[in-house]
Amino acid sequence: MSEHLLSLLTFLPLVGMVILLFIPRDNEPLLKSFTLIATLVVFFVSLPLAFNDAFRTSAEMQYTEFVPWINVGDFFQMNYSVGIDGISLWLVMLTTFIMPIAVLSTWTAVEKNVKGFMALLLLLETAMLGAFISLDLFLFYIFWELMLIPMYFLIGIWGGKNRIYAAVKFFIYTAVGSLLMLVAIIFVYYYAIQSGINMNGFSIDQFYLMQVPAGIQLWLFLAFAFSFAIKVPMFPLHTWLPDAHTEAPTAGSVILAAILLKMGTYGFVRFAIPLFPNALQQCMPYLATLCVIGIIYGSLVAMVQSDVKKLVAYSSVAHLGFVMLGVFALNLQGLAGGMIQMVNHGISTGALFLIVGFIYERRHTREISEFGGLAKQMPIFATIFMIITFSSVGLPGTNGFVGEFLSIMGAFESGLRWYAVVATLGVILAAVYMLWMFQRVMFGELKNPKNAELKDLNAREIIIMIPLLVFVFWIGVYPNTFFDKMNPSLEKLVDQIKGKQEVAMVHHVDTPDNLEIK
Amino acid sequence: MYDKLWLIPLFPLIGSVINGLLGKKVIKSEKVIGAIGTLAVALSFVVSCKYFFQLLGDEVKVHENIIASWMSVGQFQVDWGFLLDPLSALMLMVVTGVGSLIHLYSIGYMHGEEGFYRYFCYLNLFVFSMLMLVLGGNALVMFIGWEGVGLCSYLLIGYYFEKKSAGDAAKKAFVVNRVGDFGFLLGLLTLFWTLGSKHGVWTINFVEIAEHGHLLGTGSVVVTVITLCFFVGATGKSAQIPLYTWLPDAMEGPTPVSALIHAATMVTAGVYMIGRMNGLFAMAPTTMMVIAIIGAATAIFAATIGFAQNDIKRVLAYSTVSQLGYMFLAMGVGAFTAGIFHLMTHAFFKACLFLGSGSVIHAMHHAYHHAHLHDDPQDMRNMGGLAKKMKVTYITFLVSTIAISGVPLFSGFFSKDEILWWAFGSTRGSWILWLVGAAAAGMTAFYMFRLVSMTFWGEQRTDARAKDHVHESPWVITLPLVVLGFLALVGGYVGIPHVLGNIFGHIPNYLEHFLEPVFGHAQETYHIAVKEHLAHSTSLEFLMMGISVLIAFAGIGVAIFMYIKRPELPGQFVAKFSKLHRWCFN
């Protein structure tokens, strides 16, 4: 069974979706319970991955499966090739972990066309899991595109007032990026075949071995980077995010923030960086600048938002700036920090969107000025909100600190020292905008009579938050659970990148042309 | 032998969790909640005592206790590790000892408050964070405590969160602290990276830093940058120029909080941190000079603001800023022992002063409440003559005031005198620093006796309807006052200067001897000491001591003259120099 675990995991939600189609559409409780159970089953099926100690010692892909799929002679060949290593492990776990939480958050929030909503959620889960485990670049692309569709409908149908605008914007941004990526994928494939490499489909292992000349590398890297940077999103390609987040239903925002954005960061780590490390080196100052601008700009814009959800969305831009800065450091600390910060962002920002959802359901507004003094009315809510706020601010002892600190440390140790210094300023700004928002919503006197009747969190809402709180402290206090299984793969990745960069250096010096000029 | 150090922070953490989770719905009873909170810290105190005395009798003075790995990524290895040496042992005693007393006091002071359980949850959490800060065996565990105390300070300043000013003050405190933490982080990163990449020692462990720190090179640019960054962190936490502004606002919190966090413990964290890394700081003369100058400037600047305040707590707040300036002055001139000594005596007398002011506010509040008035219970202009009504509070308050003023034989005298002597005579000192310090001492004496005059002496100016309802506070409030007042009286005798000790038959300076394993090495290696030709000049030391005592008495005299003998004078003075007054009022 374990040799097909990944496939089982990935396609279980799809099977669930098919079964769901046979449930009558007006039986909403059943639809919701079924989806919840399906996502929970997926989560439990995925647990053996997290407990597998092979990741501690081996950097190789585990649970690999290989099935030849499409084969058109020499022109085109792709395979169903999947596997998981320390880099994708925790993102897969994050996905299976967040999904039941997202489903549970829709319990009372989603009222129209429940069946469609649940079906799309399940489809989305398959697409996301598939993208994380693909070892064939073309397969990755298929899953990547597959994610786009359910998310588009989730925003467009169940969203807020400007949902159509937001959905179309989301679609256009992401689709443009993917098209560029598709071109680059095809180009790099034929380039490999032409240069005599015996390609086995779009296997990323073989792409890893390839040495692409600097000029071509740069263009290919830019195509990939553009596509991933939209998804992350990196400044200045972030403008779709606040709209999408604000309009999306709570479950959509949670999944979008927690998992979908990670596709971009994961894409950099898995594909763009190891395939084209020299091009990255060339672009480094610009990319790092964009990260730092993202951190500072995201924080400043978050500060002036009047809508809580927009504020959280902009804080995402800042947080992902930290992730990318760590990743671009290309050393173990930076990469580990970036990876764990991806998970952290999923937990903390996911939780923040849930929190925003809780008050939105009660008051049908997200304007900060409508609130104030809720702490007295809703003490449990206040406590949970505060813990998550401080996790988002990166207080030591919570998850946020570990990720931010290691990202900054990684950047500091690499050539990005001054960028790290500026990024650290973002840590101050985070405290400003988060605490100011918290103060305006929770502290002060309860002046608005509409808030006087607000009820504290109910059991379901508390149950949603508890697992997130557990991980806030777990990652904060003992992140080694996660690092231990991540480090071998990341070490291998670092070696691989460094090796390629050195080869390129040697190559550059010793080419016959250079000698002749001398 | 020292493998149960983790018990010390564990007790308050458990107390905090119990009260936080069960306090409101399950326990409910104020008595039980208060008892759990107080007991948790008292247990820590007991364990601290055990280790303190064990360390006293031990040959080896530095003990590490590693519990588990925290983060392990490549060369970056951080443990959940604790460090017990004379410095942390002394701090443990101060934090848990004063902490226990203030918890006890809080039971009485916070009686009837709606969020009683919440208060004790936060207060215990604070003690936990502070103990992590003190015990942290590496810079990152210290940083947990460092930001943790900032968090608790935020929570406790914002305790009355329905008041906008409280929410603002809380946020301000946290953000300003964060600005300092920015410096701390940069210092930490630079240190780790430089030691690792240039010298092959990848560490942020304090013991290893002390061992290998010299590789950075005495007076080198990098060590100056590192220590300056750390010092920025210290200015944030310890409210030094220019990051002092949050501390006076922090008085929005309940008074016991001001006593514990904003006087005795948290705000001294910056001083402690410099003491912890004294080896690095000793290598950076430029940084030391900056610290001394900032310290001296803060000492005198905050004292001038203290002149003009009418809110009893704000006077004490500025006084704290000023006294912290003294501690930094001490650290800056290399008088590490004196700095820590003043930290300790200050913890005693300032905690006592704050708790005493709390007792007064408590009494005023009840009197006004009784008379259905809404006057400000913290305004000294409505007090006066309380000495007769609140005897215990008055006597303990007076003792502490005398101590802070530097009157001989009280605790503050010994520590302050030691600092001034080093400021004058140290190889890193200068007569200008001494002069500023001495002037600030005179001003301290003045504004403190102004406070006592306005509060306890003279005519009672309270509204006639509330006048007779002012009573002494219950025993849970006065007992801590008595204990702290006693410590403020005798706490200085552990560090008697050699010149005085020699007169009375060679009484050694116990504190100096005790802390020698921590500070001795750096002081010896980098030639930090009182200049040789001064060190033997007993008469000069007595002369300096005499001058500072005279200045203190002058301050006291002026205060009594202005506020008791000729109470009309201050008003005329303010009218005449209104600009100056406003500047002082800040």
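Our subject is the structure listed above.
Residues numbered from 1 in each chain as written. Chains lettered and ligands numbered in written order. Predicted model: local features only at pLDDT ≥ 70, side-chain atom pairs only at ≥ 80, totals over all residues. Heavy atoms only, no water.

1. Regarding the overall build of chain B
Tallying secondary structure elements over chain B gives 26 helices and two strands in all. Taken over C-alpha atoms, the radius of gyration comes to 23 Å for chain B, in line with the 25 Å a tight globule of 586 residues would show. Taking the principal axes of the C-alpha coordinates as reference, chain B spans close to 75 × 65 × 45 Å. Within chain B, buried positions represent 65% of all 586 residues. Counting contacts in chain B only where the partners sit at least 6 residues apart, residues at least 24 apart contribute 80% of the total. Just so you have it, chain B exposes about 20,100 Å², and 68% of that area is on carbon and sulfur atoms. Looking at charge distribution, chain B has the averaged site of its 35 positive side-chain charges lying 10 Å from that of its 33 negative ones. (Helix = DSSP H or I, 4+ residues; strand = E, 2+ residues; numbered from the N terminus. Rg over C-alpha atoms; globule rule 2.2 N^0.38 Å. Buried < 20%, exposed > 50% of the residue type's maximum accessible area, 1.4 Å probe, protein only. Contact = heavy atoms within 4.5 Å. Areas by Shrake-Rupley, 256 points an atom, 1.4 Å probe, with all protein chains shown as cover. Lys, Arg positive; Asp, Glu negative; His and termini not counted. Charge placed at Lys NZ, Arg CZ, Asp CG, Glu CD.)

2. Examining the packing of aromatic side chains
Within the structure shown, the criterion is met by 66 aromatic pairs over all chains. With a centroid separation of 6.4 Å and an interplanar angle of 65°, the aromatic rings of A:Phe140 and A:Phe228 are classed as edge-to-face. Here A:Phe228 lies in helix H9 (residues 214-231) and A:Phe140 lies in helix H6 (residues 137-158), a separation of 88 residues in the sequence. Per residue, the accessibility class of A:Phe140 equals that of A:Phe228, and both read buried. On the numbers, 5.2 Å between centres and 90° between planes, the contact of B:Phe184 with B:Phe230 is edge-to-face. Remark: B:Phe230 occurs in helix H8 (residues 221-237) and B:Phe184 occurs in helix H6 (residues 164-199); sequence separation between them is 46 residues. In terms of burial, B:Phe184 and B:Phe230 fall into one category: buried. Here the guanidinium or amino end of A:Arg417 rests over the ring plane of A:Phe412, the centre of that ring lying 5.8 Å away. The ring of B:Trp193 is capped by A:Arg417, whose NZ or CZ atom sits 3.8 Å from the centre of that ring. (Phe/Tyr/Trp six-rings, centres within 6.5 Å; stacked < 30°, edge-to-face > 60°. Lys NZ or Arg CZ within 6 Å of the ring centre and 35° of its normal.)

3. A few points about the interface of chain B and chain A
Residue-level contacts link 37 residues of chain B with 44 residues of chain A. Carbon and sulfur atoms supply 73% of the area buried between chain B and chain A, which totals about 3,800 Å² over both sides. For the pair chain B and chain A, the number of links is two salt bridges. Residue B:Glu162 pairs with A:Lys376 through a salt bridge whose shortest N-O separation is 3.1 Å. Joining chain B to chain A, the criterion identifies 17 residue pairs in polar contact (both at pLDDT 80 or more). Looking at the side of chain B that touches chain A, the elements that each hand over two or more residues are strand E1 (63-73), strand E2 (76-84), helix H5 (139-157) and H6 of chain B. No other element matches the 16 residues that H6(B) contributes to the side of chain B that touches chain A. Taken together, the residues of the side of chain B that touches chain A break down into 23 nonpolar, six polar and eight charged. (Buried area = accessible area lost by both parts, 1.4 Å probe. Salt bridge = Lys/Arg side-chain N within 4 Å of Asp/Glu carboxyl O. Polar contact = N/O pair within 3.5 Å; in protein donor to acceptor, adjacent residues only side chain to side chain. Nonpolar A, V, L, I, M, F, W, Y, C, P; charged D, E, K, R; others polar.)

4. Here's the deal with the pairing of strand E2 (residues 76-84) of chain A
Residue and element names in this part refer to chain A. Here E2 lies mainly inside the structure; nine of its nine residues are buried. Covered by surrounding structure in E2 are Phe 76, Met 78, Tyr 80, Val 82 and Ile 84 together with Gln 77, Asn 79, Ser 81 and Gly 83, the residues of both alternating faces. Sheet analysis places strand E1 (residues 62-72) next to E2, joined by eight bridges and oriented antiparallel. Bridge pairing in E2 places Ile 70 opposite Met 78. (Pairing = 2+ DSSP bridges.)

5. Let's talk about the pattern of salt bridges
Counted by the stated rule, this structure contains 18 salt bridges over all chains. Here B:Arg381 makes a salt bridge to B:Asp379, at a shortest N to O gap of 2.9 Å. By sharing partners, the salt bridges in this structure join A:Asp53, A:Arg56, A:Asp484 and A:Lys485 into a single network.

6. A word on the side chain of B:His362
Residue and element names in this part refer to chain B. Among the structural elements, His 362 can be located in helix H15 (residues 336-370). Taking the relative accessible area as the measure of exposure, His 362 reaches 15% and is therefore buried. Non-local contacts of His 362, meaning those with residues more than four positions away in its chain, are made with Gly 108, Tyr 109, Ser 473 and Ile 477.

7. Structural notes on the side chain of A:Asn331
Residue and element names in this part refer to chain A. Along the chain, Asn 331 turns up in the loop between helix H13 (308-328) and helix H14 (332-363). Taking relative accessible area as the criterion, Asn 331 reaches 12% and is therefore assigned buried. Side-chain polar atoms of Asn 331 contact the backbone oxygen of Gly 410, separated by 3.0 Å. Sequence-distant contacts of Asn 331, that is, excluding residues within four places in its chain, are made with Gly 410, Glu 413, Ser 414 and Val 494.

8. Some thoughts on H5(B)
Helical periodicity: at 3.6 residues per turn, an α-helix aligns residues three or four positions apart in one direction. All names here are of chain B. For H5, built from 19 residues, the straight-helix expectation of 27 Å at 1.5 Å per residue is met to within 8% by its first-to-last C-alpha distance of 26 Å. Among the 19 residues in H5, 19 count as buried, and that is most of the element. Its side-chain oxygen 3.0 Å from the backbone nitrogen of Leu 140, Asn 138 forms the N-cap of H5. (Expected span 1.5 Å × (residues − 1).)

9. Observations concerning helix H14 (residues 312-332) of chain B
All names here are of chain B. When the terminal C-alpha atoms of H14 are compared, their 30 Å separation across 21 residues agrees well with the 30 Å that a helix rising 1.5 Å per residue should span. Of all 21 residues in H14, 20 are buried; the element is thus mostly enclosed. The opening residue of H14 is Asp 311, an N-cap whose side-chain oxygen sits 2.9 Å from the backbone nitrogen of Lys 313. After H14 finishes, the residue Gly 334 shows a positive phi value of roughly 85°.

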